[in-house]
Amino acid sequence: MRLTSRNACQTADQLDSLHDLRKEFRLADGMIYLDGNSLGAQPHAAMRKAQHVIENEWGNDLIKSWNTAGWFDLPSRLGNQLAPLIGADPNEVVVTDTTSINLFKAIAAALDIQARDPATAHKKTIITESSNFPTDIYMAEGITRWLDRGYHIQLIESPEDLATSINDDTALVMLTHVNYRSGYLHDMQYVTAQAHQHGAMCIWDLAHSAGAVPVELNKANADFAVGCCYKYLNGGPGAPAFIWVPHRHQAQFAHPLTGWWGHAAPFAMQTHFEATPGIRRALCGTQPIVSLAMIESGLDLFARTNMQTIRDKSLALTDLFIQRVEHVCASHQLELVTPRSHQHRGSHVSFKHEHAYAIIQALIARQVIGDYREPGIMRFGFTPLYTSFTDVWDAVEHLSDILDKQLYDKNIQRNVVT
Ligand SMILES: *Cc1c(COP(=O)(O)O)cnc(C)c1O
């Protein structure tokens, strides 16, 4: 369906089966929030949850809450709630630490598995993309330097180079499923199979996928995955991240952050580390419980729909955005960075422009919230749980008005966070 008027968008919103979920989020009147890929909106339930956790669990019950409020089990309970969204089985996911730290664990464990197997011990290359989110590359750099065993990182320039780059020296292929900048969506099953053909392991970062696009980790036979809870999962700023270790790798999953939460008997207070048999071996230490508890409010909302419904709406929203921008801003040298093909498009759309930062700031001043990423990229995230078709229509009207009348300050100072 092609939406060619604001009225048609309003009708599409009325017919949208996700329309009711928008009411579950706190979104200021008049704000068009297109940054849920960076920080998800607040579910109303999170406010009630925060009140309860701080007032009752921490305030009244104090230390007892580790048992009575289920604080101790929270990382695995949330992991099990998240599992169906990413094609994981029960007891394969924990919510804990940050994406960067979880990547460290996954890379370390993967290299350890490879190094201990005589068939793969010679492998020294870690392949990732130069356009990967910097922290992913930095974490791989940190671990290879620290291990000092001759590993090196090969940065490929484009997804098409993957097939020719993976070879018998490849230990690890580490990719972000949906690229944070371009929105390019990798074919997880295909890439994982290519890695496996050469005896390499495959780690997926789902930061821009979880809650945004259907993910089938087990079906793809992926090796490890990590991801973020404060983006499309709406878990709150700095919410702990998650790590997935499939049952088939859990016994061998040995990472060096061997803190007491990963111990088989954390309260036996033994002098030696012994990893717990299941997914909880991916834990390290005590979690920020207040922040962790907020994630449940975001995840609860996904139980009222399914990832295919979310995907269908996401593609309709991004199609509409691309069509409208290309139609009404045609004279303004905006370059679409995001793939047109549905097969390779995530849930955000990026356009390049010489004055991208200034234009984004002008949009934000009008309560149309997107963000800026180097180099020269305006990024707009579409969150099917709360973004409406009318939002998309109105956002493009603002964008074209700002461009037509040059209502942006080319010399604007950059904020620390862009
Ligand atoms: C958002 C994001 C991160 C964030 O990492 P933190 O450790 O939570 O700060 C990491 N990787 C990718 C690909 C991301 O998009």
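Residues numbered from 1 in each chain as written. Predicted model: local features only at pLDDT ≥ 70, side-chain atom pairs only at ≥ 80, totals over all residues. Heavy atoms only, no water.

Going by what an unreviewed UniProt entry lists, the protein is known as Kynureninase and is assigned to Undibacterium fentianense. Looking at the Cofactor (unreviewed entry) heading of the UniProt record, one finds this comment for the protein: "pyridoxal 5'-phosphate". Listed in UniProt under the heading Subunit (unreviewed entry), the comment for the protein reads: "Homodimer." (UniProt positions renumbered as here; feature names shortened; annotations may be inferred.)

This part covers the sheet that holds strand E8 (residues 201–205). One open sheet accounts for seven strands, arranged E4-E10-E9-E8-E7-E5-E6; its pairing is mixed. Each edge of the sheet is formed by a strand with only one pairing partner; in this case those strands are strand E4 (93–95) and strand E6 (152–156). Direction aside, neighbouring strands of the sheet carry axes that sit 20 degrees apart on average. Two elements, strand E5 (residues 125–129) and E6, share five bridges in a ladder whose sense is parallel. Bridge pairing in E6 links Ile 127 to Gln 154. Its contacts with the sheet place helix H5 (residues 99–116) against E5, strand E7 (170–176), E8, strand E9 (224–227) and strand E10 (242–244), and it is angled at close to 175 degrees to E8. (Pairing = 2+ DSSP bridges. Helix = DSSP H or I, 4+ residues; strand = E, 2+ residues; numbered from the N terminus. Axes fitted to C-alpha atoms, helices over the stretch in contact; angles between N-to-C directions. Contact = heavy atoms within 4.5 Å.)

What the four strands build is an open sheet, ordered E11-E12-E15-E14; its pairing is antiparallel. What marks the edges here is a single partner per strand, and that holds for strand E11 (335–336) and strand E14 (371–373). Sheet analysis places strand E12 (residues 348–352) next to strand E15 (residues 377–381), joined by five bridges and oriented antiparallel. Bridging from a neighbouring strand, Lys 352 pairs with Ile 377 of E15.

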